[in-house]
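Geometric and topological summary
The primary structure of each chain is shown beneath.
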Amino acid sequence: MSDREFGGNDDLSLPKATVGKIISEILQSDPGVTFAKDTRDLLIECCVEFITLISSEANEIAEKEAKKTIACEHVKAALEELDFGDYVPAILEVAADYKKQQANREKKQTKIEQSGMTEEELIRQQQELFRSATDKFNAGPQ
């Protein structure tokens, strides 16, 4: 499948700077090799095509299972279906690492937790604010 089958959206791309950094990291081991800009652009088009192919196949698999969210197992099945099974161990490792990072990530505090007040204190403060606003409203313009 290609972009053209999805309406020819020319906005589908990857950041050139990011792809350039990835290429530079790979080429560090061979300092005599350079990567032409038009070749970088071709690589970006190939990556977008690959992502479109895999996501389309994963979407079809999810739809067959009556799922509305594409999950890791759908991507895994898509890779295997499209004969990219060699990538499966690597993506499963990345997915496991991501889950670990999310589990270890600090939970953001809610505004209530940030206030340092008990629920009763917050309710009392809210009632006082309502009472004050009602008094000001009832007093009218001055």
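Bear in mind the structure is a predicted one, so any value in this text is a computation, not a measurement.

The rules behind the values
- Residues numbered from 1 in each chain as written.
- Predicted model: local features only at pLDDT ≥ 70, side-chain atom pairs only at ≥ 80, totals over all residues.
- Heavy atoms only, no water.
- UniProt positions renumbered as here; feature names shortened; annotations may be inferred.
- Helix = DSSP H or I, 4+ residues; strand = E, 2+ residues; numbered from the N terminus.
- Domains from an automatic or database assignment.
- Salt bridge = Lys/Arg side-chain N within 4 Å of Asp/Glu carboxyl O.
- Buried < 20%, exposed > 50% of the residue type's maximum accessible area, 1.4 Å probe, protein only.
- Core = buried A, V, L, I, M, F, W, Y, C linked by side-chain atoms within 4.5 Å.
- Contact = heavy atoms within 4.5 Å.
- Phe/Tyr/Trp six-rings, centres within 6.5 Å; stacked < 30°, edge-to-face > 60°.
- Axes fitted to C-alpha atoms, helices over the stretch in contact; angles between N-to-C directions.
- Parallel < 35°, antiparallel > 145°, perpendicular 65-115°, else oblique.
- Left-handed = near helix turned anticlockwise from the far one by under 90°.
- Nonpolar A, V, L, I, M, F, W, Y, C, P; charged D, E, K, R; others polar.

This part covers the UniProt feature "domain: Transcription factor CBF/NF-Y/archaeal histone" (unreviewed entry) in the chain. Sequence positions flagged by UniProt for "domain: Transcription factor CBF/NF-Y/archaeal histone" (unreviewed entry) are, in local numbering, residues 13–79. Measuring from the first to the last C-alpha atom of residues 13–79 gives 21 Å, for a span that is 72% helix and 0% strand.

Attention now moves to the environment of Lys99. Checked against the element boundaries, Lys99 lands in helix H4 (residues 88–104). The spatial distance from the C-alpha of Lys99 to the C-alpha of Met117 is 33 Å, given a sequence separation of 18 residues.

In this section: the domain arrangement of the chain. When cut into domains, the chain gives domain 1 (16–108) and domain 2 (110–136). For domain 1 versus domain 2, the distance between C-alpha centres works out to 48 Å.

Opposite charge on two side chains allows them to pair when their charged atoms are near. In this structure the tally under the stated criterion is three salt bridges. Note that Arg40 is salt-bridged to Asp41, the shortest N-O span being 3.2 Å. Using a relative accessible area of 25% as the deciding quantity, one classes Asp41 as partly exposed. Lys76 is the salt-bridge partner of Glu80, the closest N and O atoms lying 3.3 Å from each other. Remark: Lys76 and Glu80 occur in helix H3 (residues 72–81); sequence separation between them is four residues, near one turn of the helix. Here the residues in one salt-bridge network are Lys16, Arg40 and Asp41, joined through shared partners.

Okay, the nonpolar core next. Ile54, Ala58, Ile61, Ala78, Leu79 and Val88 together form the largest nonpolar core, which totals six residues. Top contributing element to this core by residue count: helix H2 (residues 37–64), with three residues. If we skip the residues at most four places from it in the chain, Ala78 touches Ile54, Glu57, Ala58 and Ile61.

Going through the model one piece at a time under the given rule, you end up with three aromatic pairs. Aromatic side chains Phe50 and Phe84 sit 5.1 Å apart centroid to centroid with 85° between the ring planes, which places their arrangement in the edge-to-face category. A residue pair is termed long-range when its members are at least 10 positions apart, and Phe50 in helix H2 and Phe84 in the loop between H3 and H4 qualify at 34 residues. Of the residues examined, Phe50 reaches a relative accessible area of 33% and is grouped as partly exposed. You can call Phe84 partly exposed: its relative accessible area is 25%. Linked through ring pairs, Phe50, Phe84 and Tyr87 together constitute an aromatic cluster.

Remark: H2 packs on H3, axes separated minimally by 8 Å, with the N-to-C direction vectors making an angle of 115°. In terms of their interaxial angle, H2 and H3 are classed as roughly perpendicular. For H2 against H3, the interelement crossing comes out right-handed. On the side of H2, the interface is formed by Phe50, Ile54, Glu57, Ala58, Ile61 and Ala62, while H3 contributes His74, Val75, Ala77, Ala78, Leu79 and Glu81. Of the residues belonging to the contact of H2 with H3, the class tally is nine nonpolar, one polar and two charged.

Axis separation between helix H1 (residues 16–27) and H2 bottoms out at 10 Å; the angle between their running directions is 105°. What the angle tells us is that H1 and H2 run roughly perpendicular. Residues Lys16, Val19, Gly20 and Ile23 of H1 pack against Arg40, Asp41, Leu43 and Ile44 of H2. Among the residues forming the contact of H1 with H2, the class breakdown is four nonpolar, one polar and three charged.

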